[in-house]
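Chain by chain, the residues run as shown.
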Amino acid sequence: MYHSFSHARERRQPPPAAAHAAAPAPRRRLQSIDALRGFVMVVMLLDHLRETWFLHVAVADPIDARTALPALFVARLIASLCAPVFVALTGVAAFLYGSRHTLAETRAYLVKRGLVLMAIEVLFLSELYWGVVAVPTLWLQVIWCIGVCMIVLAGLIGLPRRVLLIVGIAIVGAHNLLDPIHLSAGHPLFAPWAMLHQRDVIALPFGLLAKTTYPILPWIGVIALGYWIGAWFLPDVAPAVRIRRLAMLGSTMLVAFVLLRAANGYGDAHWFTVADDPMRTAMSFMALTKYPPSLLFLLLTLGVGALLLIACERMADTRIAAMLAVFGGAPMFFYLFHLTVLRLLYHGALALWGPTQGTVFAVGSYGWVLAWYVALIVPLYLPTAWFSRFKARRRDIAWLRFL
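Below is a short write-up of the structure. (Residues numbered from 1 in each chain as written. Predicted model: local features only at pLDDT ≥ 70, side-chain atom pairs only at ≥ 80, totals over all residues. Heavy atoms only, no water.)

Attention now goes to the layout of surface pockets. Computed from the structure, the second largest pocket encloses a volume of approximately 830 Å³. In terms of lining residues, the second largest pocket is bounded by 38 residues, among which Arg50, Glu51, Gln141, Thr213 and Tyr291 are the most central. For the lining of the second largest pocket, the element with the most residues is helix α3 (residues 24-53), which contributes seven residues. (1 Å grid on protein atoms, 1.4 Å probe; cavity = no way out; pocket = protein on both sides within 12 Å on 5 of 7 lines; lining within 4 Å. Points joined across faces, edges and corners; volume = space filled by probe spheres on them. Helix = DSSP H or I, 4+ residues; strand = E, 2+ residues; numbered from the N terminus.)

This part is about the sheet that holds strand β2 (residues 201-203). Strands sit in the order β1-β3-β2 across an open sheet of three strands; the sheet is mixed. Here the strands that pair on one side only, and so sit at the sheet edges, are β1 (137-139) and β2. When the angles between neighbouring strand axes are averaged without regard to direction, this sheet yields 20 degrees. In this structure, β1 lies alongside strand β3 (residues 209-211), joined through three bridges in parallel fashion. Its bridge partner being in β3, Thr137 is matched across the sheet by Leu209. (Pairing = 2+ DSSP bridges. Axes fitted to C-alpha atoms, helices over the stretch in contact; angles between N-to-C directions.)

Turning to the packing of aromatic side chains, a few remarks are in order. Summed over all chains, the structure comprises 20 aromatic pairs. Pairing Trp53 with Tyr346 gives two aromatic rings, centres 6.5 Å apart and planes at 45 degrees, and the pair type is tilted. Residue Trp53 is located in helix α3, and its partner Tyr346 is located in helix α15 (residues 331-353); the two are separated by 293 residues in the primary sequence. Arranged with centres 4.9 Å apart and planes meeting at 80 degrees, the rings of Phe327 and Phe334 form a pair that is edge-to-face. Aromatic rings pair up to connect Trp53, Tyr346, Trp353, Phe361 and Trp372 into one cluster. Residue placement shows Arg66 over the ring face of Phe272; its charged tip is 3.9 Å from the ring centre. (Phe/Tyr/Trp six-rings, centres within 6.5 Å; stacked < 30°, edge-to-face > 60°. Lys NZ or Arg CZ within 6 Å of the ring centre and 35° of its normal.)

With that settled, the discussion passes to the pattern of salt bridges. Where charged atoms from two side chains of opposite charge come close, those side chains can pair. Scanning the model with the defined rule gives six salt bridges in all. Asp47 is the salt-bridge partner of Arg50, the closest N and O atoms lying 3.1 Å from each other. Separated by three residues within a single helix, Arg50 and Asp47 lie in helix α3, roughly one turn from each other. On the basis of relative accessible area, Arg50 is assigned to the buried category, the value being 5%. Assessed through its relative accessible area of 10%, Asp47 is described here as buried. Two residues, Arg280 and Asp277, come together in a salt bridge whose shortest N-O distance is 4.0 Å. The class of Arg280 is buried, set by a relative accessible area of 14%. Within this structure, Asp47, Arg50, Glu51 and Arg76 form a network of salt bridges that share partners. (Salt bridge = Lys/Arg side-chain N within 4 Å of Asp/Glu carboxyl O. Buried < 20%, exposed > 50% of the residue type's maximum accessible area, 1.4 Å probe, protein only.)

And the structure:
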């Protein structure tokens, strides 16, 4: 497999006749990947609705099992799948792009797309929240993180696949050893360390702040591992073989999660027993650190993600998969579009009714968040479906591939 991959990266696109003959298999595989990407985008919408209408209810990291609303805890736990799965699939997509282009072309694409994502986070997405937070803040969140990871990946893809696998496992498995290192704002390495592994706030000129919500080090390991398994989606790998590998990967990660979590040692903060309350004890067991993502957080979410990818493979020809693939086929458009809609709705409600919880407008119960979720799925789906079809039809417009 490595031999065929090495040759694939050095050749150009196949001739039109050969590409046409090989088309059915790649479309099926990409449908499953797009369906999973679309699934996590739809799940992500629920979490962003919480941030819009329920922001007055603080969500700690990890969530406090003693005090959190059970419904909010479950929704947040499900939403935890989004970032790890999306970053891993970004690595898979980078490998598949590299299988059709030279190493130099792949690196150039990763760097350019990474810079575009970083610019979108700083120049557009951050400003959407400036009317909510007291101080103008550059939120270095998941889009920024993916952009940086793509640029780092551009430098890593020249390594042998075995070395890349070792690098990915080492970062994901060992980065929690760095948790005790905490630098203060006066330290000369504070800013780079805050972006790398320490979630913090960096003071910038002109009164701006930068919040490193997604420290990038563990995510570099995730995108590297996603790139490594990209070889499982090459045309010469039978679907049954790919499903078997994904099943082994997912089950191994979940077993490792249960064993390490039960041991209550390395990989995350300790869980605890709540007397006479099995539900909150279970919540404590599943309360995991996302910022930056702990080893146990990644074992659970990526393990589930591997099993979900199997489900998407098996239902690739169904209507549900096709609808999910619409969201997954235009992920950046959906991301920018739905966040813009949510900000407009929020500021409209704030202007009409004023603050209802402290300084923010908020609904009275989490049930209203769920109601908004159901109400917005179709209105957000229709423009995304239009853009996804437009993007597929107009491959001659180069900049569309960045959306």
